[in-house]
Amino acid sequence: NAGVTQTPKFRILKIGQSMTLQCTQDMNHNYMYWYRQDPGMGLKLIYYSVGAGITDKGEVPNGYNVSRSTTEDFPLRLELAAPSQTSVYFCASSYSDNAFFGQGTRLTVV
Amino acid sequence: KNEVEQSPQNLTAQEGEFITINCSYSVGISALHWLQQHPGGGIVSLFMLSSGKKKHGRLIATINIQEKHSSLHITASHPRDSAVYICAAFPGGSRLTFGEGTQLTVNP
């Protein structure tokens, strides 16, 4: 049982480049989330999904897009990377009060 | 005002000390999580509480639903306990709401 798997673990992007952070869970959880964590700060919700085909904005959605075509996958897309998006990104899933986190993706935009 | 507030934000202790981290929340919840994040970033769920008290090794978590308050205690603290501890409220099948975290440093 792999839990929540995020890829890549690290990435450096140039300003204006695009990339997709992948998140997969094998627990058949309906709820999935993307958070970002800036240095010394708490976790902030970017987007979340309550099931396949349904997504909604969190606190800090600007500059990001998501899709949820399957229960397992919840990719996060950065279209035009900006230095302000330098952060650590965490994907999570939950079911009935239990939450599981991916290992995080450390993204630097230069 | 954040829906979930932790105190203190930073805590430095000497090895062996008893440590308490507090969490207050203003939302109705079905469960509350205590999470641990080590340097290097991975987040691990320590406890999920909906009432009462749970114990795992040197860690104890309590929750008072009426007062909307939870505490995480570490007995006989050790330098390897140094991490960020995060309280997260679960408002019933919806998204988690996080506290800002408490940075704990335990010195030898």
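Cut-offs used in this document
Residues numbered from 1 in each chain as written. Chains lettered and ligands numbered in written order. Predicted model: local features only at pLDDT ≥ 70, side-chain atom pairs only at ≥ 80, totals over all residues. Heavy atoms only, no water. Salt bridge = Lys/Arg side-chain N within 4 Å of Asp/Glu carboxyl O. Buried < 20%, exposed > 50% of the residue type's maximum accessible area, 1.4 Å probe, protein only. pLDDT = per-residue confidence, 0-100. Helix = DSSP H or I, 4+ residues; strand = E, 2+ residues; numbered from the N terminus. Pairing = 2+ DSSP bridges. Axes fitted to C-alpha atoms, helices over the stretch in contact; angles between N-to-C directions. Disulfide = S-S within 2.5 Å.

**Thoughts on the pattern of salt bridges**
Residue and element names in this part refer to chain A. One pass over the structure, following the stated rule, counts three salt bridges over all chains. Note that Glu 79 and Arg 77 form a salt bridge whose closest N and O atoms lie 3.2 Å from each other. The partly exposed category is assigned to Glu 79, whose relative accessible area is 40%. Given a relative accessible area of 29%, Arg 77 falls into the partly exposed group.

**Describing the confidence of the model for chain B**
Taken residue by residue, chain B gives an average pLDDT of 90. The fraction at 70 or more is 94%. The weakest mean pLDDT in chain B belongs to strand β10 (residues 97-98) of chain B at 84; the strongest belongs to strand β8 (residues 69-74) of chain B at 97.

**Observations regarding the sheet that holds strand β7 (residues 59-64) of chain B**
Residues and elements named next belong to chain B. The strand order β1-β3-β8-β7-β6 describes an open sheet built from five strands, whose pairing is antiparallel. In this open sheet, the two edge strands, each paired with only one partner strand, are β1 (4-7) and β6 (52-56). For this sheet the average axis-to-axis angle between neighbouring strands, irrespective of direction, equals 15°. Relative to β8, β7 is paired through six bridges, and the arrangement is antiparallel. When the sheet's bridge partners are listed, Ile 60 is paired in β8 with His 73.

**What to know about the state of the cysteines**
Cysteine pairs can be linked by a disulfide, which is a covalent bond between their two sulfur atoms. All names here are of chain B. Under the counting rule described, the total for this entry stands at two disulfides over all chains. Here Cys 23 pairs with Cys 87 through a disulfide, and the sulfurs are 1.9 Å apart. Between Cys 23 and Cys 87, the S-S torsion sits near -55°, and that sign places the bridge as left-handed. With Cys 23 in strand β3 (residues 19-25) and Cys 87 in strand β9 (residues 83-90), this residue pair connects regions lying 64 residues apart in the sequence. A relative accessible area of 0% places Cys 23 in the buried class. Taking the relative accessible area as the measure of exposure, Cys 87 reaches 0% and is therefore buried.

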